[in-house]
Amino acid sequence: MAKRTAGRAALIAGVMTVAVLASGCNGALPAERDRDDKRSSQRKSATAAPVTRAEAEKVMDRYERINNAANKKQDAGLLSGIEAGNLLERDKATFEQFETLSKKDKDAYRQGFTYRKRTYLIPAGANWFAVTATPTYSKETQLVVFEKKSGSWKMTASVWPKEELPELAKGPGGRAVAADLGAKSGPLAPNELTNAYEDVFETGGRKDGKVFGPSSTLSGTKKIHRDRGKELGPGARVTFFETEPAHTETYALKTEKGGVLAIAPLSHKIETLVTRPGLEITPSDTEAVYDSRRRPVVITDLHGQGLFHLPARGRPTSLDVTYEIVDSH
């Protein structure tokens with residue numbers, strides 16, 4: 001699973017260098033079996049939980065065990081048995097880029113860990129559940145999602161809230177309550193978050209992204225946009241463009257005050273282009289994993305996930321965004 005190293009969440013649009021985090025998950029799965037999982041979920045009673053707490057505990061324990069073994073050997077095949085979607089895609093990219101990490105980060109990544117202070121958020125009638133927990137290598141709380149994929153539970157989302165989470169609504173039996181992805185909570189619906197937030201990278205939030213209220217995550221993203229290409233000087237131009245996520249799963253829970261807490265996919269590319277004849281760009285170590293040539297234009301693809309609070313009234317806020325380079329050419 002996603003293990004954060006010292007390079008956590010630093011995204012520098014300089015010589016197209018993007019600091020790497022270790023983690024994420026996603027994988028291609030047979031479409032027919034996934035449809036069967038969803039149909040089975042839809043047939044469940046609206047009050048039926050996808051798992052019991054004891055079953056969810058076993059899912060988490062199994063994940064820890066296999067994930068630690070996969071991380072130790074950077075074994076993507078082993079990881080694909082417990083991860084899927086956006087997260088697996090990012091974690092596989094981390095394995096590809098492993099030699100670019102510092103010795104300290106490599107050593108930390110190979111060390112096993114367990115999840116403490118687990119809280120299970122199991123919405124009735126869904127084919128997924130969430131967990132908040134603190135890994136033993138960190139003091140930060142992590143929010144992860146497991147979804148039923150091809151008959152087994154796989155982690156598909158991982159975010160790290162930078163601010164306190166809102167209190168969640170409780171349904172029958174004290175269970176979490178899933179939110180409608182297409183229903184607006186305030187000015188946005190959960191399935192509109194991807195486009196709105198990527199506008200902050202693309203324009204600095206002058207268009208769709210202007211809907212977001214202040215947060216440390218938003219400030220960090222605006223700084224990335226504002227400082228893009230600063231280290232390159234006048235000889236090159238850096239531009240961010242929104243792209244279509246390879247994995248579109250969005251997860252949303254209702255909050256106690258009528259709002260929504262949502263995890264949404266994120267995706268953009270960074271284009272670095274020389275502005276004078278005869279110049280070339282040297283890709284960063286991470287980008288060079290995919291294409292090490294000096295060239296007049298470097299296009300780097302980043303995929304990730306974001307955590308958002310959409311209150312019933314007021315402006316939505318971004319609580320975390322995390323990305324991984326998945327290609328560069």
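Focus: the pairing of strand E8 (residues 297-310)
Moving on, step 1. Among the 14 residues that make up E8, 13 are buried, leaving the element largely enclosed by the rest of the structure.
Moving on, step 2. Note: strand E7 (residues 260-274) against E8, 14 bridges, orientation antiparallel. Within E8, the residue paired with glutamate 271 across the bridge is isoleucine 299.
Moving on, step 3. Sheet topology places E8 next to strand E9 (residues 317-328); 10 bridges connect them, and they run antiparallel. Within the sheet, the bridge partner assigned to leucine 307 lies in E9 and is aspartate 320.
Moving on, step 4. Hairpin remark: E8 followed by E9, antiparallel, with six residues in the connecting loop; positive phi at glycine 314, about 105°.

So, unusual backbone geometry
Moving on, step 1. The phi angle at glutamine 74 is positive, at roughly 50°, despite the residue not being glycine.
Moving on, step 2. Here glutamine 74 shows up in the loop between helix H2 (53-73) and helix H3 (76-79).
Moving on, step 3. According to the relative accessible area criterion, glutamine 74 is partly exposed, its value standing at 23%.
Moving on, step 4. A positive phi angle is found at lysine 117, which is not glycine, with a value near 50°.
Moving on, step 5. Inspection of the secondary structure puts lysine 117 in strand E1 (residues 115-121).

Examining the environment of glycine 235
Moving on, step 1. Mapped onto the fold, glycine 235 is located in the loop between helix H7 (216-226) and strand E5 (236-242).
Moving on, step 2. Along the chain, glycine 235 and isoleucine 281 lie 46 residues apart, while their C-alpha atoms are 9.8 Å from each other.
Moving on, step 3. When neighbours within four sequence positions are excluded, glycine 235 is seen to be in contact with Leu273, Val274, Thr275, Arg276 and Leu279.

About the cut-offs
Residues numbered from 1 in each chain as written. Predicted model: local features only at pLDDT ≥ 70, side-chain atom pairs only at ≥ 80, totals over all residues. Heavy atoms only, no water. Buried < 20%, exposed > 50% of the residue type's maximum accessible area, 1.4 Å probe, protein only. Helix = DSSP H or I, 4+ residues; strand = E, 2+ residues; numbered from the N terminus. Pairing = 2+ DSSP bridges. Contact = heavy atoms within 4.5 Å.

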